[in-house]
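So you can see what is in the structure, the chains are spelled out below.
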Amino acid sequence: MRLIDHHCHGAVETPLDRAGFEAYLTESDRAAPEGCSAFDSQLGFAVRRWCAPVLGLPAHAPPGEYLARRASLGPAEVNRRLIEAARVETFLVDTGYGPEMPIYADSREIVRLEAVAEALDGVTAAGFAAAFEEALPAERIYGYKSVIAYRIGLDFDPEPPTKREVTRAAGRWLRQGRPRLTDSVLLRHLIWAGLERGLPLQFHTGFGDPDLDLARCAPALMTGFLAATRDRGVPIMLLHCYPFHRQAGYLAQAFPHVYLDVGLAVNHVGARATAVVAESLELAPFHKVLYSSDAYGLAELHYLGAVLFREAFGAITRDGLWSPSDAERVAELVGSGNARRVYRL
Amino acid sequence: MRLIDHHCHGAVETPLDRAGFEAYLTESDRAAPEGCSAFDSQLGFAVRRWCAPVLGLPAHAPPGEYLARRASLGPAEVNRRLIEAARVETFLVDTGYGPEMPIYADSREIVRLEAVAEALDGVTAAGFAAAFEEALPAERIYGYKSVIAYRIGLDFDPEPPTKREVTRAAGRWLRQGRPRLTDSVLLRHLIWAGLERGLPLQFHTGFGDPDLDLARCAPALMTGFLAATRDRGVPIMLLHCYPFHRQAGYLAQAFPHVYLDVGLAVNHVGARATAVVAESLELAPFHKVLYSSDAYGLAELHYLGAVLFREAFGAITRDGLWSPSDAERVAELVGSGNARRVYRL
Amino acid sequence: MRLIDHHCHGAVETPLDRAGFEAYLTESDRAAPEGCSAFDSQLGFAVRRWCAPVLGLPAHAPPGEYLARRASLGPAEVNRRLIEAARVETFLVDTGYGPEMPIYADSREIVRLEAVAEALDGVTAAGFAAAFEEALPAERIYGYKSVIAYRIGLDFDPEPPTKREVTRAAGRWLRQGRPRLTDSVLLRHLIWAGLERGLPLQFHTGFGDPDLDLARCAPALMTGFLAATRDRGVPIMLLHCYPFHRQAGYLAQAFPHVYLDVGLAVNHVGARATAVVAESLELAPFHKVLYSSDAYGLAELHYLGAVLFREAFGAITRDGLWSPSDAERVAELVGSGNARRVYRL
C-alpha cells in the first residue's frame, strides 16, 4: 500500500533520555504519575511491538532495552531506519511547529497560518492584512494549516471579518505586545486570507494536547463555515478528528470540498487502529479520506502511523464484503491517490 | 427475519442516467469532485455487492454494467425486483417529501407536519392553528413526522408555545409570503398539535443532507422535550440518530415513550452495518429499537436496508452470548414486532 | 484477574417481586411499556446468562424461573452467592444513596458531597461553609463523590466561588427551606471543599437515570475545571462516561490527575462489554483506567460487572497485539493496581 503522509511534523535528531522520550509518547504536558510510565499506553505498546524489530530487537522489547538500543544506534541512524521502514513516498510537513524533518525523507511544506502572523515584524494595525498577505509563502508550498481549534475552538463565526474589524483587532494585538494570537477576528482573517490562495487548507480538529478544549473541537461545529465555503474549490482537510471522526465522515460526504484523516489517533490507539480507521470509512466517500501520521518529534511515529494504517486497512478488507479489486482501489485512493490529487503532487 | 420498514420514502420510476443515479447515493447536493464517483463509498459498494445479483449480475459488478443492466430492465421492473427481494411486509412512507412509493409495496402513510403547514392556503394569523388542525390528516395514517432538526435543530424550547405566540408568529410568516417554515414558535406548535393526535411522532435526528447542522441534531438535545412529554402515552420515534445512536439508546432506555432506529445509516455505512446496529442495541431495551431503511428515490435502498439489517443482526447474534431463542425473540421485536405494536399495524 | 470495584452502591436484602426486580434493571423511573419487560435488554439477558448458574440454574433461564429461584433461596443467600462469585477484593461504596452494602463484602466508604450538605441541620448562611467543613467525614473514608452532573451539568464555572457568594447562596437555599441542592455556587463550593481534603474526587459523568440531561454530562465539558486543578495532586475520577468514554480517555491522557471507568455501562451493555471496554482503553494510559460496576440495589450487578469486565478484558487481549506479559500487567493495573495506588488501599 503506497502511502503519502499528508500531515506530520519533524523528528528530533538529538539523543533523548527516558523522560525526554516518554514526553513524546503522550499529548500531556505533565509526566506520568509517580511510579507510572507513558510506555503503559496503546502507543507505548505499539512502539515496542512494531519499532523494536526495526532497531534489531525482538517485538515487545521492554522500554529500557528499547531506549538503550536507540541510544547505542544514535538518533540519526534510528531516524533513518524508521523513516525508510515506513515506505512513505512523501511527507507533507507542518513547518510551523516542532523540529525539522530528517533530510532523507521526501518532504513538502505546509505553512501554519498563525506562525506566519505571529512572526510579522514592524507591522501597523492598518498594514496587518497586507503584511500578512505578503509574508504568507506561496512558492513551493502545498497547503496551509489553521490551529484555530486550539486558540478559540471550531465554533467560530463562519463569516469573514471586515477590513475595519481586522485593523481594529490588529491594533489591539499590537498594543498588547503581539501575544500568541487568540483574537477571533485575526484568526478568522488568517483563514480567509489562506482560502484566497486556493491551496488545501488543513484544520486541527478533535483531540490534541491539553491546550485545547475538546468540547469545542468537534468538526461539526464548523458546519456554517463549510457551507459558506463549499463552492470556492478550496479543499478543507479535517485533521485527526478523533473521537469525532464519524462526524467528520458525514461532513466529508455532505460537502464537496471536505476531506478527513484519523492521524494522531491511529498512533495513539495502537492495537485499536483497525476500529478507528474502519469508523472513518463509514460515511466518508473513499475519495475523501487520507492517510496521515501527525508524527511529532519521534521517527517512531512516522513509521508507526504507516504500519498501523496498513495493518488496519488490511484487517478491514479481510471480511470479504468488498471485492479484492475494490479493496485495492480504495487502498490506492486513501493511501496516496487522494493526497496526490488534492495537493497536486 | 420478518421486517417492517417504519420509515422510508418513495422510489422514482423514471430512467436515471449515471449522474442522476449517483445523486441518490449521497446526502450531498453537489456532485463528487472531478474524476471521483459517489459509487466509491460504502453505499456504492453495497449496491454493487447486494443489488447486482437481484438484477441478474454478479456481485460487485462495475457501476457502468450495473447502470446498463438497470436501464435495459427498465425502472419499473428494477423496482419490482428489488422491492420484492426486500421481503418487507409493510413500508411506512413519509409522503411529505420525494417520489411516491411503488404500488406493489404494501405501504402506509406517515404525514410530515411541516409539509401540511406549508401547504395551508387562504389562512389568517388568528386562524393558523385551527386551519392546521383541520388540514392535518387523521384517517388512514399511522404517524406524524417532524423535521424540526433541519429547520432549527433539536435544542428547541421544550415547552409548547402559547396561542398568542402562535398567532403572532403566523402573522409574521404570512407577511413574509409564507416561506419555508423556520420559525421556532410555529415549528414547535406543529409538534404539540401532532402530539394531541396520539399517533407515533417521528423526529429526524442525526445526520442527513447538508441542509442541517449536525451539531444541533444530537438527540440528547431533546431531553427537556422528552421529559415534558413522557407521560402522554405518545411514542416518540428517533430516526437515524447516527453518529449519536448511543445517545438515542440511552434516551430509549430512560424514557418510556422513546424509540429509535439507525435507518439511513445502515445503508450508508454498508459493510459496517454490523457495528452500527450492534451499537444501537447497547442501552436501548429490545422493545424500543425498530428497523427502517430511510430509502429515498432508489428501490435499491429499500432492498439494501433490509438485507444489511438482516446480515447485521445475524452477525451480532453469532457470538453466542445470547441463547438462540432469545436471539429469535429480539429479531421478531426489532424486525417487525415493535413496529406492529407501536403503530398498531 | 484481581478486581477492586472502585464505585458501587449497596444491595437490597428484602424480597423483590418481578416489578421490583425489573426496576433495578433499567435507569428509567417508569415501567416498560404494556406487554414489554426490562428483561428484554442487554442487561436482562446478561443477568440470565451469567447469574442464573450462580443460583444453580442453567444459563439463559427464563425470567420467571430466575425470580422463582431467587425467591426460594432468599435475598441474603442470593446476595452472598453473587458477591462471593464476583471475587472482588474490595468494594468502594457510595454511601450517600441507596441500600447498604451486604456485610460479608469488604467495603470502604466514599462520601457523597451533596448528601452531606443536604443533611446539614441548624445551619446559618454565614456558617454554611464551616458547618459543611465540619460535617464532611475525613476518617476511614477513601474519597468523595460529586453528582453535579445530575444537578446542573458538567459545564459549570471552573473557578471556585468566593466566600461571599457561598454565604449569599446558602442564604437563598435556607430561605427556600433547604430543597435538594441545585444551586451552582453551593455545588461548586462542595467540590472545592472536597478537593481540599486531598482524597480522590469522583464525578458522575455520562448516562444515568432520566434526572440528568445527557447533553450536559459529557466529561469534556469539565476541561476548564480539570485545567484549573491539574497541579493539586488530587485524583479526579470520571465515572461511567458512556457514551463519551473516548472523550474521557483523552482527558485521562491529557491531565495528570484524571482517571476513568466505564462502570454502569459495562453492565448495561451486556454482550457488548468488550467493545466498550476496548474503546475506554484507546487514549487513556493504562495507569488511568479502573474497574467499577456501579452496581445498585441488586447483588447481580456486583457480580455481573466483574464477570463482564473479566470477559471483556480477556477478549481484548486475545488478538495477540500485546505480549502476554504486557496483557497481564495491564490486567493488574486496570483490575486493581490503579485503585490500590490512587485510593491508598
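Residues numbered from 1 in each chain as written. Chains lettered and ligands numbered in written order. Predicted model: local features only at pLDDT ≥ 70, side-chain atom pairs only at ≥ 80, totals over all residues. Heavy atoms only, no water.

Asker: Would you mind going over the relation of the copies chain A and chain C with me for this structure?
Answerer: Both copies of the chain are related by one operation, a rotation about an axis with a shift along it. It takes a turn of 120 degrees to lay chain A on chain C, together with a shift of 0.0 Å along the axis; the resulting RMSD is 0.0 Å. Expressed as a symmetry operation, the mapping of one chain copy onto the other fits a three-fold axis. Within chain A, the C-alpha atom positioned nearest to the axis of rotation is that of Ala275(A), 5.6 Å from it. (Least-squares fit on C-alpha atoms with pLDDT ≥ 70 in both.)

Asker: Before we go on, may I ask you to explain the interface of chain A and chain C in this structure?
Answerer: A common measure of how large an interface is: the accessible area buried when the components associate. In this assembly, 37 residues from chain A lie in contact with 30 residues from chain C. Together, the buried faces of chain A and chain C total about 2,800 Å²; carbon and sulfur atoms form 57% of this surface. Seen at the junction of chain A and chain C, the total is six salt bridges. Among the ionic pairs, Asp231(C) bridges to Arg30(A), the shortest N-O distance being 2.5 Å. Summed over the shared surface of chain A and chain C, the number is 16 residue pairs in polar contact (both at pLDDT 80 or more). (Contact = heavy atoms within 4.5 Å. Buried area = accessible area lost by both parts, 1.4 Å probe. Salt bridge = Lys/Arg side-chain N within 4 Å of Asp/Glu carboxyl O. Polar contact = N/O pair within 3.5 Å; in protein donor to acceptor, adjacent residues only side chain to side chain.)

Asker: Please clarify how helix 14 (residues 299-317) of chain A should be interpreted in this entry.
Answerer: Residue pairs spaced three or four apart in an α-helix point in one direction, given the helix's 3.6 residues per turn. Between its first and last C-alpha atoms helix 14 of chain A spans 28 Å; for 19 residues at 1.5 Å apiece the expected length is 27 Å, and the two agree. The element helix 14 of chain A is extensively covered by neighbouring structure, given that 16 of its 19 residues are classed as buried. (Helix = DSSP H or I, 4+ residues; strand = E, 2+ residues; numbered from the N terminus. Expected span 1.5 Å × (residues − 1). Buried < 20%, exposed > 50% of the residue type's maximum accessible area, 1.4 Å probe, protein only.)

Asker: Before we go on, may I ask you to explain the packing of helix 8 (residues 163-175) of chain B against helix 9 (residues 184-196) of chain B in this structure?
Answerer: Packed helix pairs are specified by the crossing angle of their axes together with the interaxial distance, meaning the distance between the axes. All names here are of chain B. Two numbers describe how helix 8 lies on helix 9: the axes approach to 8 Å, and their chain directions differ by 125 degrees. With respect to helix 9, the element helix 8 is oriented oblique. Every pair of crossing elements has a handedness; the one defined by helix 8 and helix 9 is left-handed. Counted together, Glu165, Val166, Ala169, Ala170 and Trp173 of helix 8 and Val185, Leu186 and His189 of helix 9 form the full contact between these two elements. Among the residues forming the contact of helix 8 with helix 9, the class breakdown is six nonpolar, one polar and one charged. (Axes fitted to C-alpha atoms, helices over the stretch in contact; angles between N-to-C directions. Parallel < 35°, antiparallel > 145°, perpendicular 65-115°, else oblique. Left-handed = near helix turned anticlockwise from the far one by under 90°. Nonpolar A, V, L, I, M, F, W, Y, C, P; charged D, E, K, R; others polar.)

Asker: Could you clarify how one ought to interpret the packing of helix 6 (residues 128-135) of chain B against helix 9 of chain B in this entry?
Answerer: Residue and element names in this part refer to chain B. Where helix 6 meets helix 9, the closest approach of the two axes is 11 Å, and the angle between their N-to-C directions is 45 degrees. Here helix 9 runs oblique to helix 6, going by the angle between their axes. Helix-helix and strand crossings are classified by hand; for helix 6 and helix 9 the assignment is right-handed. Contacts between helix 6 and helix 9 involve Phe128, Ala129 and Phe132 from the first element and Leu186, His189, Leu190 and Ala193 from the second. Its residues assigned to classes, the contact of helix 6 with helix 9 comprises six nonpolar, one polar and no charged.

Asker: Would you mind going over the sheet that holds strand 6 (residues 236-240) of chain A with me for this structure?
Answerer: The strands making up a sheet associate through hydrogen bonds between their backbones, and the pairing can be parallel or antiparallel. Residue and element names in this part refer to chain A. With parallel pairing, seven strands are arranged side by side in an open sheet as 1-2-3-4-5-6-7. For this open sheet the edge positions go to strand 1 (3-8) and strand 7 (258-260), each flanked by a neighbour on one side alone. Pairwise comparison of adjacent strand axes, ignoring direction, gives a mean angle of 25 degrees for this sheet. As defined by bridge partners, strand 3 (residues 107-112) adjoins strand 4 (residues 141-146) across four bridges and the pair is classed as parallel. Bridge pairing links Arg112 to Lys145 in strand 4. Those strands touched by helix 11 (residues 245-254) are strand 6 and strand 7, and its axis lies near 145 degrees from that of strand 7. (Pairing = 2+ DSSP bridges.)

Asker: Where do I start with the pattern of salt bridges in this structure?
Answerer: A pair can form between side chains of opposite charge whenever their charged atoms are brought close. Residues and elements named next belong to chain B. The full count for this structure, using the stated rule, is 81 salt bridges over all chains. One salt bridge connects Glu89 with Arg2, and the closest N-O pair in it is separated by 2.4 Å. Highlighted residues: Glu89 in strand 2 (residues 88-94) and Arg2 in the segment before strand 1 (3-8), separated in sequence by 87 residues. With a relative accessible area of 28%, Glu89 lands in the partly exposed category.

Asker: How should I be thinking about the packing of aromatic side chains in this particular structure?
Answerer: Aromatic rings considered in pairs are described by the distance between their centres and by the relative angle of their planes. For the structure shown, the criterion picks out 45 aromatic pairs over all chains. Pairing Phe313(B) with Trp322(B) gives two aromatic rings, centres 6.4 Å apart and planes at 55 degrees, and the pair type is tilted. For the pair formed by Phe313(B) and Trp322(B), the shared burial category is buried. Just above the ring of Trp50(C) sits the side chain of Arg49(C); from NZ or CZ to the centre is 3.9 Å. Of note, Lys288(C) hangs over the ring of Tyr259(C), and the distance from its end group to the ring centre comes to 5.1 Å. (Phe/Tyr/Trp six-rings, centres within 6.5 Å; stacked < 30°, edge-to-face > 60°. Lys NZ or Arg CZ within 6 Å of the ring centre and 35° of its normal.)

Asker: Help me understand the sheet that holds strand 5 (residues 201-205) of chain C, please; the structure alone is not making it clear to me.
Answerer: All names here are of chain C. Strand order in the open sheet formed by seven strands is 1-2-3-4-5-6-7, and the pairing between neighbours is parallel. Two strands bound the open sheet, and with one partner strand each, they are strand 1 (3-8) and strand 7 (258-260). Here the strands of the sheet are splayed against their neighbours by 25 degrees on average, with no regard to which way each runs. Note: strand 5 against strand 6 (residues 236-240), five bridges, orientation parallel.

Asker: What should I look at first to understand the pairing of strand 2 (residues 88-94) of chain C in this one?
Answerer: All names here are of chain C. Extensive coverage of strand 2 is indicated by the burial of six of its seven residues. Pairing between strand 1 and strand 2: four bridges, direction parallel. Residue pairing across strands places Asp5 opposite Phe91, the latter belonging to strand 2.

Asker: Is there a simple way to think about the interface of chain B and chain A in this case?
Answerer: Across the boundary between the two partners, chain B contributes 37 residues, which contact 30 residues of chain A. A buried area of about 2,800 Å², summed over both sides, lies between chain B and chain A, and 57% of it is on carbon and sulfur atoms. Sorting the residues of chain B by area buried against chain A places Arg30(B), Asp40(B) and Phe45(B) first, and these three jointly supply 20% of that buried surface. Here chain B and chain A share six salt bridges between them. Two residues, Asp326(A) and Arg48(B), come together in a salt bridge whose shortest N-O distance is 2.8 Å. In this assembly, chain B and chain A are joined by 16 residue pairs in polar contact (both at pLDDT 80 or more). If you list the elements that add at least two residues to the side of chain B that touches chain A, you get helix 2 (42-54), helix 12 (265-269) and helix 13 (273-280) of chain B. Considering every element that reaches the side of chain B that touches chain A, the biggest residue donor is helix 2 of chain B, with four residues. Split by residue class, the side of chain B that touches chain A holds 17 nonpolar, nine polar and 11 charged.

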